[in-house]
Amino acid sequence: MLRIPTSTALPLFDTAATRTLEQQAAARLPAHSLMQRAGAGLARLARAIAPHARCIWIACGPGNNGGDGLQAAAWLQQSLNAAPETARSCRILVSCVRERAHMPDDARAAWDAAREAGVQWTEHMPADMGPQDLCIDALLGIGLRLPDAASPRTGMNERLLTLLRSLQSSTSSVLCADIASGLDADTGQYLTGFAPPNAPASARHTLALLTLQPGLFTGSGRDACGQIWWDDLDTGLAKGEPILTSLPCAQLFSPGASTPRPHASHKGSFGDVAILGGEGLGQRGLSMTGAAWLAALAALHGGAGRVMLALLDASAGSGQATAPWPEIMLRSPEAQDWRSTTVACGCGGGVAVRAWLPQILEQAPRLVLDADALNAVAEDESLASLLKERRQRNLHTVLTPHPLEAARLLKTNTAQVQAQRLHAARQLAQRFNCTALLKGSGTVIAGPQGDSDAPTCWINPTGNARLSTGGTGDVLAGLIAALWAQGLEPTQAAALAAWRHGFAADHWPARIPFSASALAQRLGA
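Residues numbered from 1 in each chain as written. Predicted model: local features only at pLDDT ≥ 70, side-chain atom pairs only at ≥ 80, totals over all residues. Heavy atoms only, no water.

Asks: Please clarify how the overall build of the chain should be interpreted in this entry.
Replies: Counting its secondary structure elements, the chain contains 20 helices and 19 strands. Put simply, the chain has 525 residues, and 56% of those count as buried. Across the chain, every contact between residues at least 6 apart in sequence was considered, and the portion connecting residues at least 24 apart equals 74%. Just so you have it, the chain exposes about 21,200 Å², and 51% of that area is on carbon and sulfur atoms. (Helix = DSSP H or I, 4+ residues; strand = E, 2+ residues; numbered from the N terminus. Buried < 20%, exposed > 50% of the residue type's maximum accessible area, 1.4 Å probe, protein only. Contact = heavy atoms within 4.5 Å. Areas by Shrake-Rupley, 256 points an atom, 1.4 Å probe, with all protein chains shown as cover.)

See the structure below:
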């Protein structure tokens, strides 16, 4: 069993691939072995999470996920039976959605094991459960799909939803088998009617059985599932070609970005970054120059050899003496050579950036498009065409939209983007022949389509709600440009920047107030 860290590359499998692996494992093992292993893993983790629990309540669904819960109940009760003095201080209770006769074969065997061990059955979550106690969510797992939600068995669904609401509102810790019930394992989004009314009130853990699924790491999955653990059930089957890969750290470094810098190097060894953005007060009376400064500051602390800042309002800074960071060199947009540098364009660009986009799209060899530059492309088909054609001329692009910007680019709405975050990132990468980084909980990075039908795709496991503040997206754009300028491939630069950006937020010192500018300056720490 492995506690999932944020620095290890691990394969992610969608539901269909997981089902195939499950069938392969079951075919070569003795009957019921896979469920027995799953139940044993849940039982071990339950005891580790709640060693002083007076009560462990297990809510079991109608299928094999419920069988995993019943098998865990059997193992837990057996361990108590072997230590009578402990058995007096702890109860193992089970609530089932279905009767034994209506469950799959493996689950029926687990039911019998639980009964034989002496597990107690109950209709509802015990009212006396406290913070030291534990609930196990074995209701739905990865098998939930829309047809299940619309099942004609309304009586079963009402009972299932009652148990689910008890789990979601529990003040005791909750351990989920496979994934938090109600979530689509492929998207990390709740299906209609299954979302909790409030945020979790207690600690959440999830034991992914056999494989890890994308929904654990993106969308609502990160809040609902909490700390992720993985047990491959000693099958070794989940080590093949992944559908996706959760973002690693060290494996994305290239020699130019991970090793100490040689003594015989100079500022030109680590690439130039030029930032174009920062509409000033002179355009519409709305100054956004701070966004461009944040991107430049991130590029500086992200390791770029030289950073140039071209503000879109000349009145915002007439000379180097006005720069808050003298290491960042001010340029007028007209004076900057866009052909020889990595460009981050759009941060605080407002409407002023649109006039510059044809030139930037034509000339920049490496281009990070953010914020208002993305909105301009979404509204202007001629700009969209220039963007699509860049890769054919060996010019490369990274798009960094948040969900609303992605929706504009895809001519859809934010709800649709969020409902299928992985699909949306792939669509952007394919439509514009570029790397797409879709921001949000579990940032998704998709590479451009190559020889295979599916682009390379990562889900970033780092980051938290500290990043939900103005300017952090500008910092990310500047960091991508810096890593790209130092020699990484564009998709690697985007993925590694997302990881470092989130990692800094995850390990933020309590003594330092968080802000986007403080984040940018800690990137080199």
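So, next bit.
Asks: Help me understand the sheet that holds strand S8 (residues 204-209) in this model?
Replies: Two orientations exist for strands paired in a sheet by backbone hydrogen bonds: parallel and antiparallel. Strand order in the open sheet formed by eight strands is S1-S9-S8-S7-S6-S3-S4-S5, with mixed pairing between adjacent strands. Of all strands in the sheet, those with a lone pairing partner are strand S1 (2-3) and strand S5 (120-121), marking the two edges. Alignment of strand S3 (residues 55-60) against strand S4 (residues 91-96), held across six bridges, turns out to be parallel. Across the sheet, the residue bridging to Trp57 is Leu93, located in S4. Each of S3, S4, S5, strand S6 (134-138), strand S7 (173-177) and S8 touches helix H3 (residues 64-81); the most contacted strand, S3, lies at about 155° to it. (Pairing = 2+ DSSP bridges. Axes fitted to C-alpha atoms, helices over the stretch in contact; angles between N-to-C directions.)

Asks: Would you mind showing me how to read the environment of Ile328 here?
Replies: In this structure, Ile328 sits in the loop between strand S12 (306-311) and strand S13 (329-331). What makes Ile328 buried here is its relative accessible area of 0%. Considered as a pair, Ile328 and Leu309 are 19 residues apart in the sequence and their alpha carbons are 6.7 Å apart.

Asks: Please explain helix H11 (residues 289-301) as it appears in this structure.
Replies: Given 3.6 residues per turn, any residue in an α-helix points the same way as the ones three and four places further on. With 13 residues, H11 extends 19 Å between its outermost C-alpha atoms, agreeing within 8% with the 18 Å of an ideal straight helix rising 1.5 Å per residue. Along H11, the positions that sit buried rather than exposed are Thr289, Ala291, Ala292, Trp293, Leu294, Ala295, Ala296, Leu297, Ala298 and Ala299. Elements in contact with the buried residues of H11: strand S11 (272-277), S12, S13, helix H18 (472-485) and helix H20 (516-522). A positive backbone phi angle near 105° is found at Gly303, which sits one or two residues after H11. (Expected span 1.5 Å × (residues − 1).)

Asks: Would you mind going over the pattern of salt bridges with me for this structure?
Replies: Between side chains of opposite charge, a pair can form when the charged atoms approach closely. Considering all chains together, one arrives at 12 salt bridges under this definition. The residue Asp133 makes a salt bridge to Arg54 at a minimum N-O spacing of 3.6 Å. Within this pair, whereas Asp133 is found in the loop between S5 and S6, its partner Arg54 is found in the loop between helix H2 (33-49) and S3, the two being separated by 79 residues in sequence. Overall, the relative accessible area of 1% leaves Asp133 in the buried class. (Salt bridge = Lys/Arg side-chain N within 4 Å of Asp/Glu carboxyl O.)

Asks: Would you take a moment to explain unusual backbone geometry for this structure?
Replies: Phi is mostly negative for residues that are not glycine, and the peptide bonds are mostly trans. Backbone geometry at Leu210 places phi at a positive 75°, although glycine is not the residue there. Mapped onto the elements of the fold, Leu210 is located in the loop between S8 and helix H8 (221-225). When its relative accessible area of 4% is taken as the criterion, Leu210 is described as buried. A positive phi angle is found at Ala371, which is not glycine, with a value near 50°. Relative to the elements of secondary structure, Ala371 occurs in the loop between strand S15 (366-369) and helix H13 (372-379). By relative accessible area, which is 13% here, Ala371 ends up buried.

Asks: Any chance you could explain helix H15 (residues 403-410) here in plain terms?
Replies: Within H15, six of the eight residues are buried, which leaves it mostly tucked inside the rest of the structure. Among the structural elements, H13, helix H16 (414-419), helix H17 (421-432) and strand S17 (435-438) are those in contact with the buried residues of H15. Residue Lys411 follows H15 closely and has a positive phi angle near 60°.

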